[in-house]
Amino acid sequence: MSMTILPLFPLHTVLFPEGDLSLRVFETRYIDMVRECLRQQSPFGVCLIREGSEVGEPAMPYAVGTSALIIDTGMRAEGLLGIYTRGQRRFRIHGMEARPDRLVLAEIEWLDEGPAREPPPEPMRRLLASLLEVERAPPVGPMSDARWVVYRLAERLPLRLAERQAVLEAARLDEALVVVEEVARRLGLWAEGL
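Residues numbered from 1 in each chain as written. Predicted model: local features only at pLDDT ≥ 70, side-chain atom pairs only at ≥ 80, totals over all residues. Heavy atoms only, no water.

Asks: Let's hear about the packing of helix α2 (residues 122-134) against helix α3 (residues 146-156): which residues, and what values?
Replies: Taken N-terminus to C-terminus, the directions of α2 and α3 make an angle of 50°; their axes are 10 Å apart at the nearest point. Comparing the axis directions of α2 and α3 gives the class oblique. Judged by the sense of rotation from one axis to the other, the crossing of α2 with α3 is left-handed. Together, M124, R125, L127, L128, L131 and L132 of α2 and W148, V149, R152, L153 and R156 of α3 make up the contact between the two elements. Of the residues that constitute the contact of α2 with α3, the class distribution is eight nonpolar, no polar and three charged. (Axes fitted to C-alpha atoms, helices over the stretch in contact; angles between N-to-C directions. Helix = DSSP H or I, 4+ residues; strand = E, 2+ residues; numbered from the N terminus. Parallel < 35°, antiparallel > 145°, perpendicular 65-115°, else oblique. Left-handed = near helix turned anticlockwise from the far one by under 90°. Contact = heavy atoms within 4.5 Å. Nonpolar A, V, L, I, M, F, W, Y, C, P; charged D, E, K, R; others polar.)

Asks: How would you summarise the environment of E18 if you had to cite specific residues and measurements?
Replies: Residue position: E18 is located in the loop between β1 (4-11) and β2 (20-25). Spatially, the C-alpha atoms of E18 and A68 are 9.1 Å apart, while their sequence positions differ by 50 residues. Ignoring any residue separated from it by four or fewer positions in sequence, one finds E18 in contact with R86, G87, Q88, W148 and R152.

Asks: Please provide a residue-by-residue account of the side chain of T85, values included.
Replies: Mapped onto the elements of the fold, T85 is located in strand β6 (residues 81-98). With sequence-adjacent residues up to four places away left out, T85 is seen in contact with G19, D20, L21, F44, A68, L69, I70 and I71.

Asks: Which residues make up helix α5 (residues 173-186), and what are the values?
Replies: Since the α-helix turns once every 3.6 residues, residues separated by three or four places project in the same direction. Spanning 14 residues, α5 covers 20 Å between terminal C-alpha atoms, matching the ideal 20 Å at 1.5 Å per step. All of the buried residues along α5 are L173, A176, L177, V179, V180, V183 and A184. Projected onto a plane normal to the axis of α5, the buried residues spread over an arc of 160° and lie on a single side. Against the buried residues of α5 lie α2, α3 and α4 (161-169). At the exit of α5 stands G188, carrying a positive phi of roughly 80°. (Expected span 1.5 Å × (residues − 1). Buried < 20%, exposed > 50% of the residue type's maximum accessible area, 1.4 Å probe, protein only. Arc of directions from axis to C-beta.)

Asks: How would you explain the packing of aromatic side chains if you had to name every residue and give the values?
Replies: By the definition in use, this model includes four aromatic pairs. Residues F9 and F44 carry aromatic rings whose centres are separated by 6.0 Å and whose planes lie at 45° to one another, so their mutual orientation is tilted. Pair noted here: F9 is in strand β1 and F44 is in strand β3 (residues 44-51), with a separation of 35 residues, a long-range link. The pair F9 / F44 is uniform in exposure class, with both members buried. Relative to W110, the ring of F91 lies with its centre 6.3 Å away and its plane at 90°, an arrangement referred to as edge-to-face. Note that F91 is positioned in strand β6 and W110 in strand β7 (residues 104-110), a separation of 19 residues in sequence. (Phe/Tyr/Trp six-rings, centres within 6.5 Å; stacked < 30°, edge-to-face > 60°.)

Okay, here's the thing in structure tokens:
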């Protein structure tokens, strides 16, 4: 098992592969992390916080997260550093260590995404297409890829954070599909034949 060291940015959000995430960065540890990631053109890890908060002492994250690559940076109106990131690959944390500046470095293993480009169930593809139409956003990914579709639905439907995390952690695609389908049914979207 090959391990990689990845700096972590624990948040109260779940980032999925190929998903977008904008962040305001103001703590010195994360400004330094961003500078280093830009210099090395390397990602950092985004994990949902299990215990703790986004600022101050290091938070305890869930074990599965997504690597994020910085796509763009800029200063925000309030004078804070803003970064725009894109999710890349899922990973599992096997060990963590906090540096003196409280930045957490994790020893991680990259997770296998399973079979590529498996077609999504037709109701899910139609549901995502209708949500994108409401947003007036053209699909920017493969609507024929079930994993891509389920991640985009998990971003757009009002899932609880624990449900989003369950989708991210799902070892098999069918497990992730079940979580999203249950939410769509709960909202009455599945039965409406979207």
